[in-house]
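One letter stands for each residue in the lines below.
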Amino acid sequence: MEAPSTREKLAPLGRLGPLLALLAACAFFATQSDRFLTGDNLSLVLQQVMVVGVLAIGQTLIILTGGVDLSCGMVMALGGVVMTKLATEAGLPVPVAIAGGVAVTTLFGMVNGLLVTRVKLPPFIVTLGTLNIAFAITQLYSNAQTITDIPPSMTALGNTFQVGGTAVVYGVTLMLALYLLVWFALRETASGRHVYAVGNNPEATRLTGINTPRVLLGVYVIAGALYGVASLLSVARTGVGDPNAGQTENLDAITAVVLGGTSLFGGRGLVLGSLVGALIVGVFRNGLTLMGVSSVYQILITGVLVILAVTTDQLSRGGAR
Amino acid sequence: MGTTVIPNAATSARASIVMQARGLVKRYGHVTALDGADFELRAGEILAVIGDNGAGKSSLIKALSGALIPDEGEMLLDGQVVHFRSPIDARRAGIETVYQELAVAPAMTIAENLFLGRELRRPGVLGRLFRMLDKERMLAESVAHMQALNIGIRSMKQAVETLSGGQRQGVAVARSAAFARHVVIMDEPTAALGVKESNMVLDLIRRVRDRGLPVVLISHNMPHVFALADRIHVARLGKRAAVLNPKTISMSDAVAVMTGARRAEELAPEELALSLIHI
């Protein structure tokens, strides 16, 4: 029929945009600091990114459905406090304590999902509420005290193994494995395609016979479970149960998803893009630190990047109308 | 544009009845949307449903497509009594509906849209255990479905949003035709389209009928109704006022019946496509 539109031709470029931005940032910082491209430093970036990276997987699923989760970081902090307290004060075996923490974050995901699907509240408002609730419970439950003397097996994911002379944290491989798993599920299974369909056109999806509330609820529950994994990674990385964890990660996870090219309007995006987005944030923080730039400028640049990414999304969507 | 005349559908009352409704009633508080409405769809025909706003046209169609549960009356599909509690029930029974608002997922491919909610999985362990989709088979079958209706689109892998409005509606029509076993209902399928695009969709509707699926066409557009329909069901005051024969009745008379300016009893017998005495 007709020739492919400009938009159609540019689509593959749009998908590669985040990756090109990441490579450009790496190239720039390599010229600014000799230490940037060393194995140890890149391993450090990955280690710094792993918590946000796992949060961003859950966040991607929710944003793909056209929602957003403002509570992810606070829910993660609660999960970390619960699992460390269960392992220390309650003296439960480490696997049970971890399961308890993940159960709490999954429950929060389910509450978010039920409020969105049953009460039909906007995800933004629901998670704004649970953000505060999770934060308050975390402070009350921990008495605002950091939980220390964690059993070593609980922080095992923070240990390292050697890859060609570079020490890599186990948690990073767990994060990468989760990305591959979710990438596969979104791409190759009907449930994964239904997540996109719900974000694209919920009414049309419902009319094809797909149980859209179940798809949405499933997404929030899975996201909650992923936040529990992020809790464990956070505990492993810091070695403590920190009631004030997750405060930067909360919005960083959304930033990573948006920088990765997933549309805030739902229905389009790639989970691997969120890994790239998380790496962009990590690389900028790390590179600017190596250059001796004050952390305030890092925040400034992250903000500018987010506006650029959302502008690109808005413009490409406008072109489709 | 020429209209294919299916002699059995338009003229013979003996053509087998695919779908039937008797005495449907639906009340919303003080408002009676359906007041004993009857309906009859014959094999191989395009039956247009017309009516003024509030005539009970959309309530009737909603009942047939499962979007509304009537308070009274019964519906039969191929002679069997059916009770639809949701559009999903109607779909399972073999009734597909095409909506005016282009009900497709824009960022997804044509093949994905055609099989949305009815995805095919790979055979063996890959499908059962890993739930993997059989993308190649869905792609191949999509090509077949689209070709069967003569919809010329380059690739089934392109996103639906890259298509024109008419082509998007073509995807929705192809999806219904591919999966409907008994009836396709088209609810104002051309309302959102321009002239050229509308004509394309009208051709598609004829091809669906010519492949053996009866079509219920809801439309406000009288020229479209007269160009396509084998019979015209007129809804008025929550009832069936008449069933008209578009080959013999004039457009203005059809509108007159629709608005109540003329009654079915005042029409010549050849202008009717269903003798009301036999109901």
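Remember, it's a predicted structure, so these values are computed and weren't measured experimentally. (Residues numbered from 1 in each chain as written. Chains lettered and ligands numbered in written order. Predicted model: local features only at pLDDT ≥ 70, side-chain atom pairs only at ≥ 80, totals over all residues.)

### Thoughts on the overall build of chain A
Phase 1: Within chain A one finds twelve helices and two strands.
Phase 2: Tracing chain A from N to C terminus, the helices and strands come up as α-α-α-α-α-β-β-α-α-α-α-α-α-α.
Phase 3: A compact globule built from 321 residues should have a C-alpha radius of gyration of about 20 Å, and chain A, at 20 Å, falls within 12% of that.
Phase 4: A buried classification covers 50% of the 321 residues belonging to chain A.
Phase 5: Pairs at least 24 residues apart make up 77% of the contacts formed inside chain A by residues separated by at least 6 positions. (Helix = DSSP H or I, 4+ residues; strand = E, 2+ residues; numbered from the N terminus. Rg over C-alpha atoms; globule rule 2.2 N^0.38 Å. Buried ≥ 20, exposed ≤ 12 C-beta atoms within 10 Å, placed from the backbone. Contact = placed C-beta atoms within 7 Å.)

### Here we look at the sheet that holds strand β6 (residues 95–98) of chain B
Residue and element names in this part refer to chain B.
Phase 1: Across the sheet, six strands lie side by side as β6-β7-β8-β3-β9-β10; this open sheet has mixed pairing. Edge positions in the open sheet fall to β6 and β10 (239–244), since each of these has one partner strand only. When strand polarity is set aside, the average angle formed by the axes of neighbouring strands in this sheet is 20 degrees.
Phase 2: Pairing analysis gives four bridges linking strand β3 (residues 46–51) to strand β8 (residues 215–218), with the strands arranged parallel. Across the sheet, residue isoleucine 46 finds its bridge partner in β8, namely valine 215.
Phase 3: Helix α8 (residues 195–210) rests against β3, β7 (183–187) and β8 of the sheet, and its axis sits at about 155 degrees to β8. (Pairing = 2+ DSSP bridges. Axes fitted to C-alpha atoms, helices over the stretch in contact; angles between N-to-C directions.)

### Thoughts on the domain arrangement of chain B
Residue and element names in this part refer to chain B.
Phase 1: With domains assigned, chain B is organised as domain 1 (15–107 + 159–278) and domain 2 (108–158).
Phase 2: Put simply, the middle of domain 1 and the middle of domain 2, counted by C-alpha atoms, are 29 Å apart.
Phase 3: Facing 19 residues of domain 1, the contacting portion of domain 2 comprises 15 residues.
Phase 4: When residues of the side of domain 1 that touches domain 2 are traced back to their parent elements, those giving at least two are α7 (165–179) and α8.
Phase 5: Counting residues per element, the side of domain 1 that touches domain 2 draws most heavily on α7, which supplies nine residues. (Domains from an automatic or database assignment.)

### Observations regarding the interface of chain B and chain A
Phase 1: With 21 residues of chain B at the interface, the matching set in chain A holds 21 residues.
Phase 2: At three residues, the largest contribution of residues to the side of chain B that touches chain A is made by helix α3 (residues 87–92) of chain B.
Phase 3: For the side of chain B that touches chain A, a count of residues per class yields twelve nonpolar, three polar and six charged. (Nonpolar A, V, L, I, M, F, W, Y, C, P; charged D, E, K, R; others polar.)

### Details of the nonpolar core
Phase 1: In this structure, Val54(A), Val216(B) and Leu217(B) are the most contacted members of the largest nonpolar core, which totals 174 residues.
Phase 2: Ranked by residue count, the leading element in this core is helix α9 (residues 212–238) of chain A, at 15 residues.
Phase 3: Residue-level mapping places this core at the junction of two domains, with at least three residues from each of domain 1 (15–107 + 159–278) and domain 2 (108–158) of chain B. (Core = buried A, V, L, I, M, F, W, Y, C linked by C-beta atoms within 7 Å.)

### Some points on the pairing of β6(B)
All names here are of chain B.
Phase 1: Along β6, one buried face is formed by Ile95 and Thr97 and the opposite face, lined by Glu96 and Val98, is buried too.
Phase 2: Direction of pairing for β6 relative to β7: parallel, over a ladder of four bridges. Looking at the pairing, isoleucine 95 lines up with valine 183 of β7.

### A look at the sheet that holds strand β4 (residues 72–77) of chain B
All names here are of chain B.
Phase 1: With antiparallel pairing, the four strands of this open sheet are ordered in space as β2-β1-β4-β5. Whereas interior strands pair on both sides, the edge strands pair on one side only; in this sheet they are β2 (31–42) and β5 (80–82). Ignoring which end each strand starts from, the neighbouring axes of this sheet average 25 degrees apart.
Phase 2: Pairing of β4 with β5, which is carried by three bridges, proceeds in the antiparallel orientation. Across the sheet, leucine 76 pairs through a bridge with valine 81, a residue of β5.

### Some points on the environment of Val49(A)
Residue and element names in this part refer to chain A.
Phase 1: With respect to the helices and strands, the residue valine 49 is situated in helix α2 (residues 39–64).
Phase 2: It is 27 Å that separates the C-alpha atoms of valine 49 and tyrosine 141, two residues lying 92 residues apart in sequence.
Phase 3: Excluding residues that lie within four positions of it along the chain, valine 49 makes contacts with Ala278, Leu279 and Gly282.

### A short note on unusual backbone geometry
Residue and element names in this part refer to chain B.
Phase 1: Unusually for a residue other than glycine, arginine 131 sits at a positive phi of about 55 degrees.
Phase 2: Here arginine 131 shows up in the loop between α5 (125–128) and α6 (135–148).
Phase 3: Positioned with a positive phi, leucine 237 is a non-glycine residue whose angle comes to about 55 degrees.
Phase 4: Among the secondary structure elements, leucine 237 is positioned in the loop between β9 (231–236) and β10.

### Some words on the confidence of the model for chain A
Phase 1: Averaged over all residues, the pLDDT of chain A is 92; the fraction at 70 or higher stands at 94%.
Phase 2: Here helix α1 (residues 6–32) of chain A is the element of chain A with the lowest mean pLDDT, 79, and helix α4 (residues 94–117) of chain A is the one with the highest, 98. (pLDDT = per-residue confidence, 0-100.)

### Focus: the packing of α2(A) against α9(A)
What describes two packed helices is the angle between their axes and the distance between those same axes.
Residues and elements named next belong to chain A.
Phase 1: Where α2 meets α9, the axes come as close as 8 Å, and the angle between the chain directions of the two elements is 175 degrees. Relative to α9, α2 is oriented roughly antiparallel. Residues Gln47, Met50, Val51, Val54, Leu55, Ile57, Gly58, Leu61 and Ile62 of α2 form the contact with α9, whose own contacting residues are Val219, Tyr220, Ile222, Ala223, Leu226, Tyr227, Val229, Ala230, Leu233, Ser234 and Arg237.
Phase 2: Classifying every residue of the contact of α2 with α9 by side-chain character gives 16 nonpolar, three polar and one charged. (Parallel < 35°, antiparallel > 145°, perpendicular 65-115°, else oblique.)

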